[in-house]
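Residue-level structure breakdown
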Amino acid sequence: MSFSASVLTLYPEMFPGALGLSLAGRALEAGTWSLQAIQIRDFATDKHRTVDDTPAGGGAGMVMRADVLARAIDHSSPPDDPRPRLLMSPRGKPLTQSRVRELAAGPGAVILCGRFEGVDQRLIEARGLEEVSVGDFILSGGEPAALVLLDAVVRLLPGVMGNAVSGEEESFENGLLEHPHYTRPQEFEGREIPEVLISGNHKKIAAWRRAESEALTRARRPDLLGAHPLPK
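Residues numbered from 1 in each chain as written. Predicted model: local features only at pLDDT ≥ 70, side-chain atom pairs only at ≥ 80, totals over all residues. Heavy atoms only, no water.

**Description of the packing of aromatic side chains**
Heads up, the condition is: For this analysis, a ring pair means two rings from Phe, Tyr or Trp (six-membered ring only for Trp) whose centres lie within 6.5 Å, classed as stacked if their planes differ by under 30 degrees, edge-to-face if by over 60, and tilted for the remaining angles. Per the convention used, a helix needs a DSSP run of H or I reaching at least four residues, while a strand needs a run of E reaching at least two, with both numbered from the N terminus.
The tally for this structure, following the rule as stated, stands at one aromatic pair. Summarising the aromatic geometry, the rings of tyrosine 182 and tryptophan 208 are spaced 6.4 Å apart at their centres and angled 55° between planes, so their arrangement reads as tilted. Taken together, the residues span a long stretch of sequence, with tyrosine 182 in the loop between helix H5 (142-154) and strand S8 (187-188) and tryptophan 208 in helix H6 (residues 202-220) at a distance of 26 residues.

**Observations regarding helix H1 (residues 22-30)**
For the record, the criterion: Throughout, exposure labels follow a simple rule: accessible area from a 1.4 Å probe, protein chains only, divided by the maximum for the residue type, with under 20% read as buried, over 50% as exposed, and the rest as partly exposed. The directions from the helix axis to the C-beta atoms form the arc being described. Note on definitions: a residue-residue contact is assigned when non-hydrogen atoms from the two residues lie within 4.5 Å.
Burial in H1 covers these residues: Ala24, Gly25 and Ala27. One face of H1 carries all of its buried residues, which in axial projection span an arc of 165°. Exposed positions of H1 whose direction lies more than 90 degrees from the buried face are Ser22, Arg26, Glu29 and Ala30. Of the surrounding secondary structure, the elements contacted by the buried residues of H1 are strand S2 (33-39) and H5. Residue glycine 31 follows H1 closely and has a positive phi angle near 85°.

**Comments concerning the pattern of salt bridges**
Stated formally: We count a salt bridge whenever a side-chain nitrogen from Lys or Arg sits within 4 Å of a carboxyl oxygen from Asp or Glu.
This structure, assessed with the given rule, holds 12 salt bridges. Across the pair arginine 99 and glutamate 102 runs a salt bridge, and its minimum N-O distance is 3.0 Å. Here arginine 99 and its partner glutamate 102 are both found in helix H3 (residues 97-104), three residues apart, which amounts to about one turn of the helix. Between glutamate 130 and arginine 99 there is a salt bridge, and its shortest N-O distance comes to 2.8 Å. With glutamate 130 in strand S7 (residues 130-133) and arginine 99 in helix H3, this residue pair connects regions lying 31 residues apart in the sequence. Take glutamate 130: its relative accessible area is 28%, and that puts it in the partly exposed class. One network of salt bridges, with partners in common, ties together Asp53, Arg65 and Asp67.

See below:
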């Protein structure tokens, strides 16, 4: 069974977007995964197709209505749907490579793209939405975040990457940032490829790459070392 993504959005024309190109696009065309972009406004009941209202208790902005979103979710994801229901939200749990791998190993995902000030909390609770964040910053809506999540997942689906091993040696896969890469020409503006990489000694190359990964992680993301202690 292929990976199936249903995206609930006010802007279905944003999909597949970049996901229709390169590896993800070829996999989409081949049927390795499928994508359905669903217009939330289709589930509004008034002539203006209203999906939001003023926040209870006052305040700026608008809040997406629980009743409209519930109809959209129920249409896209019946009770027996095994796919997780995700809400792209800056207050969600940070998306990690391990969560990406879990999603890639599953049947797909139903993804709600929030807009305005957010989504009625009762909808989140009633439909069991998992709030997911792609970073500590604010976007204009959940659509760019959904594209990021799907790109990260789709590239891990079987057969999408030409060399599956390349996905095992990247940043975050082993708790470290990835080591530096080099290729021809051997000399570029006075800078040489490190001698060890052209030595042919695979044991020394592996040790160099590990050391470089550890050094980069200590310098740029020491928080990762706390989450994934290095072996002694």
